[in-house]
Structure formats: C-alpha cells, structure tokens
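# Observations on the model geometry
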Amino acid sequence: MATALDQIFVILKHWIVGVLPAALQPLVGVVLSVVAIIATFPALFALTTVLERKGLGRIQNRIGPNRTGPYGILQPVADGIKSLTKEDIVPLSADAVVHFLAPLVLVVVVFLGFAVLPMGRNMQLVDMDAGLLFFFAIGASTELSIFMAGWSSRNKYSLLGAMRAVAQMISYEVPLLMSSVAVVMITGSLSLVKIVEAQNQYTWGLPHWYIFTPWGFAGFVMFATAATAETNRSPFDLPEGESELVAGYFTEYSGFKFALFFLGEYLGMFSMSGLGAALYLGGWSAPLAVLSFVPSWIWFFSKVMLSICVFIWLRGTLPRLRQDQLMNFAWKFVLPMTLLNLLVAGLWRFLGDGWMRWVVCSAILLIAYVIVGRAEMHRKHYGPRSYRYAE
C-alpha cells in the first residue's frame, strides 16, 4: 500500500500512456510530466503568496489579507484577475520586442530547471548524468532576461536596477556553484538522482544527509546564502530597492508582464529550494528510517516549503544590505569559505572513517570562519551598532 501511494503519480502516468499507440507513448509521457510541473509550481506560487503576506503580517503585528474568501485564501485569484485586466503600458521609447520577451524568457528558463529535479522516487522529468550542470547552465540565462528588461525599458532606474541585479547574480553564482562542487566530489556524480540516492541510507535510523557533516553544513550555509542573493530576496533585494530605484529592472512593467516577473521570482525560489534539498537534505528521502512509509514526494515538497518559510522569515526580519556590503560579503567571505570547503570535503573523503576527520574538518572550518570574519570586521572598523533620534 505504501509503495503504491508513493508511486501513485508514476502509476497514473503509465496507465494513461499505456492506452495510447506505441508511437505516441514517449511524446505523451513527456507532455504529461511537463503539464504536471507547469500546474504544480504555479499553484504553490499562489499558496506561497498568501502564506508570505500572512506571515509578514504576523511578524509586523498586522492581519494581512482577510477580505477575499475565507481568511483571505482567495487573494491570489483576485491578484491574478487584476493582473490580467490591468492595462499593459509600454514606454514610447522602449524596445517593444525585447520588452515583451524579457519576462517570458525568465519564466521559461526557470521552468526548464525543474526538468532535472528529482521530486520523488522515480519522479523526475529527465534523469541526466550531468543534471546539476544542466541546472546551472540554464539558470545562468536568468541574468540575460533581467538585463533585457532593464535595457529595453529605456529608463535609468530600470537600467541601474538591471546592472545591480546582473552584478549581484554573477557574484553569488560563483559560490553557489562552488558549494555544489563539494557534493559532486563526495558523490562522484553530477546526476541529482544519484546524489539523492547516495543520501538515502540510514545508520541506527538516522539519515546520511550531507548537511550532517562539517563540510556539508558549511556548504549548505554558503549555498543558502548564495541562493538567497540569486533569487533577489531580502536582505539581498537591492536590484528592486524601492527607496532608491522605484521598482528596479521591472519599473516599466505593468499588468500580466509584471505578474510574470513576480512568478519567475517565486519559481526561482522553488527551484533553488529543491536543489538545496537534493544536494544537502536528502531530496525525497525521509528524515528518519521509521518514516520511510510516507510517500517520497511529500518529503520533497515539505522540505521545499520549509525553505520557503525561511525565505519569508528572513524577509520580515533582516534589513537590506548596502551595495558595497553585498559585494564585499560575496567576494571576501562567502567565496573564500566555499573554496576552503572544497579542501575540507577532500580531507573528509581521504581521512577515512573515524572521529579524526570530524575533529580536523570542523576545526579547519571554525578557525577559518573566525579569521576571515574578524579580519574583515577589523579592516572595516565596524563598531557596535547604536541608535539615536534624528535631530
């Protein structure tokens, strides 16, 4: 029974495909998988918008949406109707073709990343030997769509926001990729399916997730930091800083085009959360051996939604960084720590089993964290933060 529930979507897909002619079965199988992805993640996007607005309301001591539907649950429907009916305004001097293509390119590129994510046991659209490489290669195209939006608008605020976004995303894409290399070194494969399967093991009922190792914990922290910056979320949301740039690179967008940028941002959060779950949190594997009877896809989406809740929590808690702080943090702290973590992952692999590798790897990372962090603090002469009223 548990196996059937775990594979219910796979069984359903094979049943639908099985009633068709053999010549059409491969094509229909792919189409069904694509439709499932296109239906699932926008639905999660709608749910997340309510969750975020309600969560931020609680953090900021207010109610949040409560007018549309019971407890405001139909607010995404109202937002969707509003986006569809609002006038699509394009500046007279804008490059209309590029202005139109930019949000489409962003959404299409993000959807392509879901093709290689294992969302459950035997639940991935494509099992590529270089799935991780494909994910990063496709993800790098988001910078192009953002620059297209800023450049085509013929607006100084839009262009400045786009340049900020491109500089930020390129800066944090390097540690994002390098933090994943440590996982590849330990697993010996670029396939996300094999990476998840390597973590689907248990000792005394506890999982072998990479986050429970010194190099894995450090890599996960660096990955999460870089992923937050890659998705332009607080405290790294400088490209759309409303106090400086009106709305950043999509200042000149309205109606459904703006909604597509909004959708693309949240889809990026989902894909980064799914990738982080696959690399460090065991993907679809259960957190305890006794819970393995729960369908694997429930565990995957639970980890993704838990990550989304952390994104929301950070947005309601942390203030926005300055541009110089953002870039210095990437190049002077996150990247050096990520490169050191590659060395630590190699030591972990070749020191063999035993307590010695735990001590050595943990000590190296802790000492480096203190040295790099303290050196940067003293160099900048940061003092204790103080607050006073304006005079």
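By convention here, each chain's residues receive numbers from 1 onward along its written sequence. Only residues with pLDDT of at least 70 are given local features in this predicted model, and only at 80 or more are side-chain atom pairs given and counted; all residues enter the totals for whole chains, interfaces and linings. Heavy atoms from the whole structure form the basis of all side-chain values; hydrogens and water molecules are not counted.

## Digging into the nonpolar core
- Side-chain atoms within 4.5 Å link the members of a nonpolar core, which is a set of buried Ala, Val, Leu, Ile, Met, Phe, Trp, Tyr and Cys residues. Any residue under 20% of the maximum accessible area for its type is buried, any over 50% is exposed, and the rest in between are partly exposed; the area is computed with a 1.4 Å probe on protein chains only. Ranked by size, the top nonpolar core spans 77 residues in total, and within it Phe-41, Phe-114, Leu-192, Leu-267, Phe-270, Leu-275 and Leu-279 carry the most contacts.
- The numbering of helices and of strands both runs from the N terminus, where a helix is a DSSP run of H or I of at least 4 residues and a strand a run of E of at least 2. In terms of residue count, helix α12 (residues 255–280) provides more of this core than any other element does, 13 residues in total.
- By definition, residues are in contact when any of their heavy atoms lie within 4.5 Å. Contact partners of Leu-192, with chain neighbours within four places excluded, come to Val-116, Leu-117, Pro-118, Leu-132, Leu-275, Ala-278 and Leu-279.

## Overview of the side chain of Glu-52
- Mapping Glu-52 onto the fold places it in helix α3 (residues 25–59).
- Relative accessible area serves as the criterion here: at 2%, Glu-52 is assigned to the buried category.
- Setting aside residues no more than four positions away along its own chain, Glu-52 makes contact with Arg-233, Tyr-266, Ile-312 and Arg-315.

## Concerning the packing of aromatic side chains
- Only centres within 6.5 Å qualify two rings of Phe, Tyr or Trp (six-membered ring in Trp) as a pair; their planes then separate them into stacked at under 30 degrees, edge-to-face at over 60, and tilted for everything else. Within the structure shown, the criterion is met by 20 aromatic pairs.
- With a centroid separation of 5.0 Å and an interplanar angle of 70°, the aromatic rings of Phe-262 and Tyr-266 are classed as edge-to-face. One end of the pair, Phe-262, and the other, Tyr-266, are both in helix α12, four residues apart, so they sit about a helical turn from each other.
- Residue Phe-262 is classed as partly exposed on the basis of its relative accessible area, which comes to 34%.
- A relative accessible area of 2% means that Tyr-266 is categorised as buried.

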